[in-house]
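Spelled out, the chains give:
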Amino acid sequence: MISQILSAIELSPLTLAFCLVFVVLGGYLKGFAGFGASMFWMTSLSLVIPPLQLVPMVLMFEVATSIYLLPGIWKKIDWRSIGFLLAGTWIATPAGIYALITLPAAPVRIALALVVLFAAIMILRGFSLEKVPGKTATVGVGMAAGVLNGSMGIVGPPVVLFYFSSPVGMTIGRASIITYLIGTDTAGTVMFAAQDLIDPSIYWRTALFLPLLFLGSSIGSKGFIKTDPDKFRKLSLYVLLILSVILMVRALFGD
């Protein structure tokens, strides 16, 4: 039975054990903060799984965990802002793909890391918006996320900063981020599948990891409920800072 599973997922026992640990840790991060899991999974699991196999798997991880968390956040979602954000993201993603093709990857990643670091530090120091941004500004944030999505497969930072600097509150912000990621990552998964870039072993791996993804997400979600909103906001921004530093290091010293 075990040999059949290993054959289906095309992973050695040692690699599988490594993946199991980081899958559940990423699930916890997703359940707690609502974001950051993709970069965590990409950074850790890329040590043992080729990027072309890992990216669609991570996209499916995000979709699965977001849907799993959806019933508990449904009443807290800001659907209006999500619609404008997704519109901007889908419009600008082709521009990001063009940047990926024409620009060196390292400078783009360094620029992203510096922008996120600066914005996160500003919010930690007390910067906040007096009111929720209007339609044009929200679409603009979505377009920034779209450029990042097409150029490096990362959509979170602009959207996270958008919600955490606005007066909507942490609970609404977290719920909206989780829901927004369903739209972006489902589209990404469909694009990979349409180009026959998801082989059966990737589906089998995802199915095998689902229980641990849900376990980590459930524990993380319970941790969020018990956390003071101000403390949660600071912890989430520190996570964003750490992920930005990781992104910069990878850009400077290679993937």
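Note that the structure is predicted; figures quoted are calculated from it, not measured. (Residues numbered from 1 in each chain as written. Predicted model: local features only at pLDDT ≥ 70, side-chain atom pairs only at ≥ 80, totals over all residues. Heavy atoms only, no water.)

A.B. asks: Lay out the overall build of the chain with the relevant residues and their values.
C.D. replies: Of the regular secondary structure elements, the chain holds 11 helices and zero strands. Taken from N to C terminus, the helices and strands of the chain fall in the order α-α-α-α-α-α-α-α-α-α-α. Sorting the 255 residues of the chain into buried and exposed places 49% on the buried side. Considering only intrachain contacts with a sequence separation of at least 6, the fraction spanning at least 24 residues in the chain is 82%. (Helix = DSSP H or I, 4+ residues; strand = E, 2+ residues; numbered from the N terminus. Buried < 20%, exposed > 50% of the residue type's maximum accessible area, 1.4 Å probe, protein only. Contact = heavy atoms within 4.5 Å.)

A.B. asks: Explain the packing of helix 4 (residues 51–73) against helix 9 (residues 170–194) residue by residue, including any values.
C.D. replies: Direction vectors running N to C along helix 4 and helix 9 enclose 145°, while the axes themselves pass 8 Å from each other. Both helix 4 and helix 9 take part in a crossing whose hand is left-handed. Contacts between helix 4 and helix 9 involve Val-55, Pro-56, Leu-59, Met-60, Glu-62, Val-63, Ser-66, Ile-67, Leu-69, Leu-70 and Ile-73 on the former and, on the latter, Arg-174, Ala-175, Ile-178, Thr-179, Leu-181, Ile-182, Asp-185, Thr-186, Gly-188, Thr-189 and Phe-192. Split by residue class, the contact of helix 4 with helix 9 holds 14 nonpolar, five polar and three charged. (Axes fitted to C-alpha atoms, helices over the stretch in contact; angles between N-to-C directions. Left-handed = near helix turned anticlockwise from the far one by under 90°. Nonpolar A, V, L, I, M, F, W, Y, C, P; charged D, E, K, R; others polar.)

A.B. asks: Mind laying out the packing of aromatic side chains, listing which residues take part and the relevant values?
C.D. replies: For the structure on display, the rule yields eight aromatic pairs. When the centroid spacing of 6.3 Å and the interplanar angle of 0° are considered together, the rings of Tyr-28 and Phe-32 count as stacked. Of this pair, Tyr-28 and Phe-32 both sit in helix 2 (residues 13–33), four residues apart, which is roughly one turn of that helix. Measuring from centroid to centroid gives 4.5 Å for Tyr-68 and Phe-214, while their planes differ by 15°, and the two rings are stacked. Highlighted residues: Tyr-68 in helix 4 and Phe-214 in helix 10 (residues 200–225), separated in sequence by 146 residues. By relative accessible area, which is 25% here, Phe-214 ends up partly exposed. Through a chain of ring-to-ring contacts, the aromatic side chains of Phe-18, Phe-22 and Phe-40 assemble into a single cluster. Here Arg-174 stacks its cationic end above the ring of Phe-224, 4.1 Å away from the centre of that ring. (Phe/Tyr/Trp six-rings, centres within 6.5 Å; stacked < 30°, edge-to-face > 60°. Lys NZ or Arg CZ within 6 Å of the ring centre and 35° of its normal.)

A.B. asks: Which residues make up the environment of Val-147, and what are the values?
C.D. replies: Mapped onto the elements of the fold, Val-147 is located in helix 7 (residues 135–152). Spatially, the C-alpha atom of Val-147 lies 9.0 Å from that of Tyr-98, the residues being 49 residues apart in sequence. Residues contacting Val-147, with those up to four places away along its chain left out, are Ala-92, Ala-95 and Gly-96.

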